[in-house]
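Below, each chain spelled out in residue letters.
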Number of protein chains: 2
Amino acid sequence: MGLQQTLKALSDPIRREILNMLKSGRMSAGEICEHFPVTGASISRHLSVLKDADLVRDTREGQFIYYQINTSVLEETMLWIADLKGDNDND
Amino acid sequence: MGLQQTLKALSDPIRREILNMLKSGRMSAGEICEHFPVTGASISRHLSVLKDADLVRDTREGQFIYYQINTSVLEETMLWIADLKGDNDND
DNA sequence: TTAACATTTAACCTAAATGTTAAATATATT
DNA sequence: AATATATTTAACATTTAGGTTAAATGTTAA
């Protein structure tokens, strides 16, 4: 985990869109798939990249696996970028 | 340009380190190279990725080309991440 | 236990990213 | 003009990422 994994995970548009969708609440893998023109296997791998980066957490409930966003790791990224911008706290 | 290019550029550790170095002031391509165990050609391409993303600007001065950081494009990234985190302005 | 459904994993393919060396370009100097 | 220095670009090799299909796994329910 860490900045590298976070930024790598965020660098793909499908993964960003998944995170965006999860803002409104958790979704099952299948529901997530429906929103994209790629196979479920492909989305499943995207989800595992997000999971490895700890940007999402998953919970199995019966036959479904629900994903929810975890924003805590974004703190480190925000700090890194802020520092790059000059760390003036403002601006 | 845009979020995609910015995040892609930031997803490589060498490029992040270059940006980090440029925080303290501008450097020539050669000076930048000295800090990495890869060839100048490789660094040159990293610099062009950063330049395409508008994260750095370059100025030729005689035989040297100086690079300086440009943080303005990071604003969009910060906003995107903040929004993902819940957009509560605080926290 | 078998069938059906949800999801992941494996095997494979192609395209993109990164690194190398060698050639090209731009500037400075003699 | 010729040479030296700084940097980029081209050509190529290797690795990594992302997509596909097919097989495997986990769960539910008949």
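None of the values given here were measured: they were computed from a predicted structure. (Residues numbered from 1 in each chain as written. Chains lettered and ligands numbered in written order. Predicted model: local features only at pLDDT ≥ 70, side-chain atom pairs only at ≥ 80, totals over all residues.)

A. The protein's contact with DNA strand C, seen in detail. As a structural note, the neighbourhood of DNA strand C is formed by 24 residues, with G30, A41 and S44 of chain A together with A41 and G62 of chain B the closest of them. Taken together, the elements giving at least two residues each to the surface near DNA strand C come down to α3 (29-34), α4 (40-52) and β3 (64-69) of chain A together with α4 (40-52) of chain B. If one sorts the elements of the surface near DNA strand C by residue count, α4 of chain A sits on top with six residues. (Near = placed C-beta within 6 Å. Helix = DSSP H or I, 4+ residues; strand = E, 2+ residues; numbered from the N terminus.)

B. Spatial organisation of the relation of the copies chain B and chain A. Between chain B and chain A, which share one sequence, the superposing operator has a rotation angle of 180 degrees and an axial displacement of 0.0 Å; the RMSD is 0.0 Å. Classification of the inter-copy transformation places it as that of a two-fold axis. In this assembly the copies share their binding face: 100% of the residues contributing to the interface of chain B also contribute to that of chain A. (Least-squares fit on C-alpha atoms with pLDDT ≥ 70 in both. Contact = placed C-beta atoms within 7 Å.)

C. How the structure looks around the protein's contact with DNA strand D. In the vicinity of DNA strand D lie 24 residues, with A41 and G62 of chain A together with S28, G30 and A41 of chain B positioned nearest. Taken together, the elements giving at least two residues each to the surface near DNA strand D come down to α4 of chain A together with α3 (29-34), α4 and β3 (64-69) of chain B. The residue makeup of the surface near DNA strand D, split by class, is nine nonpolar, eleven polar and four charged. (Nonpolar A, V, L, I, M, F, W, Y, C, P; charged D, E, K, R; others polar.)

D. Spotlight on the environment of Q4 of chain A. Along the chain, the position of Q4 of chain A falls in helix α1 (residues 3-10). The spacing of Q4 of chain A and I65 of chain A is 61 residues in sequence and 26 Å in space, taken between C-alpha atoms.

E. Up close: the packing of α1 of chain A against helix α5 (residues 74-85) of chain A. Residue and element names in this part refer to chain A. Axis separation between α1 and α5 bottoms out at 9 Å; the angle between their running directions is 95 degrees. In this view, α1 runs roughly perpendicular relative to α5, as classed from their interaxial angle. Each of L3, T6 and L7 in α1 lies in contact with α5, whose residues at this interface are E76, T77 and W80. Of the residues in the contact of α1 with α5, the class split is three nonpolar, two polar and one charged. (Axes fitted to C-alpha atoms, helices over the stretch in contact; angles between N-to-C directions. Parallel < 35°, antiparallel > 145°, perpendicular 65-115°, else oblique.)

F. Molecular detail of the sheet that holds strand β2 (residues 56-61) of chain A. Residue and element names in this part refer to chain A. Taken in spatial order, the three strands line up as β1-β3-β2 in an open sheet, and their pairing is antiparallel. At either end of the open sheet lies a strand with only one pairing partner, and these are β1 (27-28) and β2. Taken strand by strand, helix α2 (residues 13-22) contacts β1, β2 and β3, and its axis lies near 90 degrees from that of β3. (Pairing = 2+ DSSP bridges.)

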